[in-house]
Structures are given as C-alpha cells and as structure tokens.
Amino acid sequence: MTDTVKIGPVERADRIEVIDVMRGVAILGILHLNMPLALNPAFEVFSDIRIIGWGPLDQWAWMGQHIFTEGTMRGLLQLLLGVGLMLLASKAMSAKGPVGVADVWYRRNLWLLVFGAFNGMVLLWPGDILFPYALAAIFIFPFRLLRARWLFAIGLAFLAWTVIAGVQKYEEAADFVAGVEEARVVEQAGEELSQTQSAALAEWDRRLVEQNGNPFFAKESPRLRKAQAEPLSYIEKFSQEWFGLFKVGQIQEWVIYSFFIMLIGMALYKVGFVQGALSTRLYLAVMVSGYAFGWGIRYWEAQALLTFEPLPNPADPFGDIPRLAIAIAHIALVNVLMRTRAARALGASLGAVGKIAFTIYLTQSFILTYIVAAPWGLSLYGDVGWFQVVWMSALIMALQTVLAMWWLSRFRFGPLEWLWRSLTHWQRQPMRLSQDERVQPAGYGPQAAE
C-alpha cells in the first residue's frame, strides 16, 4: 500500500500552544544567560565573578541568575528537542514507518549543523548551542520506538553517572581541604611540615589565587580588551573561540548531555506531561517539589561560591539533577498558567516567540556581537556588569517579543524558520498569510508535525 502520510511544516492550526510558550520562555531566558559571556572576556567571568561588577545590585543579579535560571533554559530546550522528535515521529511510530519522516529529521538537523557553524563563525557567538544540539538530535531518532519507562531509565542512568562523578569530585575536594587544615595545625604548632603538607598549602594558595582573579588574567585583560577594540582582531578572536571549543571537548560534552536529556524529553511527551494531558494537581506538585529542590540546592551552592575559597561544593553530589528538576518545574508551571486567565496573554506573547525561536536565537547573537559589543557598534565589550545584564536583556526580550507578534500577524514562519524549512524539504514554502488567515486567530490543536 502506498504511504500517503503528508510530511511537511506544521500548519498554524495544528500547533500545541503550551509547547510554543515553553520554547519562548527558554529562548528568551538564554539571552539573559548568554549576555555576561558575550559582552565580557569569558576568562574574567569564570575566573572571578566580581571582576565585571560587584556592587549590591550586581550581587543580587548574580544570585538570582545562578539560583533561578543558570543552565535551566538550556535544559528546557534540550527537553523540548526530544519532544520535537516525538511530534514529527508521530507519523513513523513503527519500525517500518514512513521513511520520509526520518529523511526530514536528518536533513533538518544536518542543516541545523550548518546554521550552528554560521552562528559560531559568522555571527561570532562561541557559545552556540545549535551545533551540539543538532549532533545530539541526529542520534535520537531510533529511540522513538522505546516505551517511556525505558527512555526514562536511560536518561536517569546518565543522571546517576553525573551524581557518581559529583560525589567523587566532592570527596576529593573535602580530602584536599582536610589535608590543608591538618597542615595548618602542624604549622601553627611550630612543627616541621612534611612534603605532602607543604604541597597541600601551596596548592591551596594557588587555587585561592585562581578563584579570586588569576594575576595572569588581570595582566592580560587590558591587552585583550584593547585588541578587541579593533574590528579585525575582534572578528578573529570570537571566531577562534568557537573552534577552540572543539579542542577542549566542550561541544562533545554538550552533545552527550543533550542526547540523554532529549531522551527524557521524549519520555515526558509520551506520558502526556509536556503537552498538558495530566491533572493540575500533579503539575502543581511537580512544580513545587522541583523548584524547592532545585532552587534549594542552587542557593546552597551559591553560598559556598560566595566564600571565594576553594572549598567542597555542596551541590556537586547531586550532579545535574537540580538543573533538570528546575527545567521540568518550568514545564509544570507553564502548563498550570496555560489553564488560567493568563493563557491568552502567554499564547500571544511568549507563544509568538516560541514559534520563531530559531530566528529569535540567531538575531540575539547578531545583536550582542555585532551591535552591543562590537567596536563598530555600541562598543560595550568588557563594560557590562551583572545588573546591567538584567535591564539590557529585558529591553531586548521586550523588543523581540513585540516584533515576533507583529511578524506572525503577517507571515506563517519566522524568516529563518522559512529558510530552514525550505532547505529541509528542498521546496520553497509559502510565507505570507492570506487575508482570511490574518483576521482569524492562529488556533491550536493537539498535534504538531514539526
């Protein structure tokens, strides 16, 4: 029998509104998290968070970012990428399902690799997520046939591995600090230190200096900032940083982590959690417990970091579970809000951003690196602190939300979504809305294909 399943871009009336809203939340949240690294030398931010600004407002801004949003927006997007596969693969839920679905999935992610490289090398954003996410997405298609419990089991096994690694890291740090304290006791007693004890004290001093602004970074910072005031050196520096991620293995780590979180996203879709198929009581329970656990661990972690000493991190033994717990709580929160009077406003604003998230994300890179930071733009590189990030990102978020709503009142897709879909299907997609479609609400249904 000939397979007549239509495989193409999702129609407006077939979208799942709650997923669009979640995607909108994630893509705007990523802007706020990217700004400190896009507008300052990364080594400064990672070396000592106080370097880029540490007034009272900066401290509150950093604390809020670290506890409530750090890493969780990426986690939410990774979960939604798994959901995206299930939406597309709903047409191929057997081993002999339409080969066209697999063809579309692989082609769209191969193109996503290209767009990721463009974001890194041309838009000059070394923290690009498109490239590693596309690599991870390429490998998850065969897992669409697994039952939810197996997808959960595989994903949670990976989280268990992060817990084991975290426990080992914590124990090593605790043993090191215990050795330092023992050496201090001997030193204070006026006794001769052993070679091991002397080495422990020297290592403590080295780590303390490193955590409080490495002198090398302090010396190099003015030179690098001056070099980045020149257009050619600015372009060279950022494009080389993107390639540098391959050398340190960071992209590989992102790919592995993303792969397993995507599997959990697929499982959450299969049990109906993401698309709002469960009870409000359950969503409230998940939301409260997820935030209480995740934010609690993050607060505990922040207090340890703010000592600015190389002490054991109390969050390490929990691995990546707090980050995932917060991301899942975000999903529960959106599902609760979408059942209230706020649903219309959320669907109109954040939902619009979520529909053109690809365009929003790449234009964020352009705004930050070509307009805000670049020497030919506002030339603010190295001059943006933690609190400035809050109001600057809020302004850009508001502008992008308004433009997204305006654009979708006239067109079917965002400009880059249109290009991506046209390349994926190798056929020019319709772009403009008809007059009738403009005056009618977008409409949402229980299914979406892409």
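Residues numbered from 1 in each chain as written. Predicted model: local features only at pLDDT ≥ 70, side-chain atom pairs only at ≥ 80, totals over all residues. Heavy atoms only, no water.

Asks: Would you mind going over a nonpolar patch on the surface in detail, with residue names and values included?
Replies: A cluster of nonpolar residues, Leu57, Phe387, Val390, Trp391 and Leu395, forms a patch on the protein surface that exposes about 470 Å² of accessible area. In terms of residue count, helix α17 (residues 386-408) provides more of the nonpolar patch than any other element does, 4 residues in total. Locating Val390 in the fold gives a position in helix α17. Given the relative accessible area of 33%, Val390 is considered partly exposed. (Patch = residues over 30% accessible without salt bridge, like charges linked within 9 Å, V, L, I, M, F, W, Y side chains within 5 Å. Areas by Shrake-Rupley, 256 points an atom, 1.4 Å probe, with all protein chains shown as cover. Salt bridge = Lys/Arg side-chain N within 4 Å of Asp/Glu carboxyl O. Helix = DSSP H or I, 4+ residues; strand = E, 2+ residues; numbered from the N terminus. Buried < 20%, exposed > 50% of the residue type's maximum accessible area, 1.4 Å probe, protein only.)

Asks: Mind laying out unusual backbone geometry, listing which residues take part and the relevant values?
Replies: As a rule of thumb, non-glycine residues mostly have phi less than zero, and peptide bonds are mostly trans rather than cis. Positive phi is not limited to glycine here, since Ser379 has a value of about 55°. Within the secondary structure, Ser379 is located in the loop between α16 (357-372) and α17. One non-glycine residue with positive phi stands out, namely Trp426, at about 50°. Inspection of the secondary structure assignment puts Trp426 in the loop between α18 (415-425) and α19 (435-439). Using a relative accessible area of 66% as the deciding quantity, one classes Trp426 as exposed.

Asks: Any chance you could break down the side chain of Asp316 for me, citing the residues and the numbers?
Replies: Here Asp316 lies in the loop between α12 (280-305) and α13 (321-337). Buried and unpaired, Asp316 has Lys169 as its nearest opposite-charge partner, separated by 4.2 Å. Leave out the neighbours within four places in its chain, and Asp316 touches Gly166, Val167, Lys169 and Tyr170. (Lys, Arg positive; Asp, Glu negative; His and termini not counted. Contact = heavy atoms within 4.5 Å.)

Asks: Describe in detail the pattern of salt bridges, supporting the description with residues and values.
Replies: The final tally for this structure, using the stated rule, is 6 salt bridges. Asp48 is paired through a salt bridge with Arg50; the nearest N and O atoms lie 3.0 Å apart. Residue Arg50 is classed as partly exposed on the basis of its relative accessible area, which comes to 27%. Between Arg207 and Glu203 there is a salt bridge whose closest N-O contact spans 2.8 Å.

Asks: Describe α18, with residues and values.
Replies: Since the α-helix advances by 3.6 residues per turn, residues separated by three or four positions end up pointing in the same direction. Regarding α18, the residues found buried are Glu417, Trp420, Arg421, Ser422, Leu423, Thr424 and His425. At the exit of α18 stands Trp426, carrying a positive phi of roughly 50°.

Asks: How would you summarise the packing of aromatic side chains if you had to cite specific residues and measurements?
Replies: Taken as a whole, this structure holds 19 aromatic pairs when the rule is applied. Three or more aromatic residues link up through ring pairs in this structure, and these residues are Phe143, Phe158, Trp161, Tyr257, Phe259 and Phe260. A cation sits over an aromatic face here: Arg184 above Trp204, 4.8 Å from the ring centre. Here Arg207 stacks its cationic end above the ring of Phe176, 3.9 Å away from the centre of that ring. (Phe/Tyr/Trp six-rings, centres within 6.5 Å; stacked < 30°, edge-to-face > 60°. Lys NZ or Arg CZ within 6 Å of the ring centre and 35° of its normal.)

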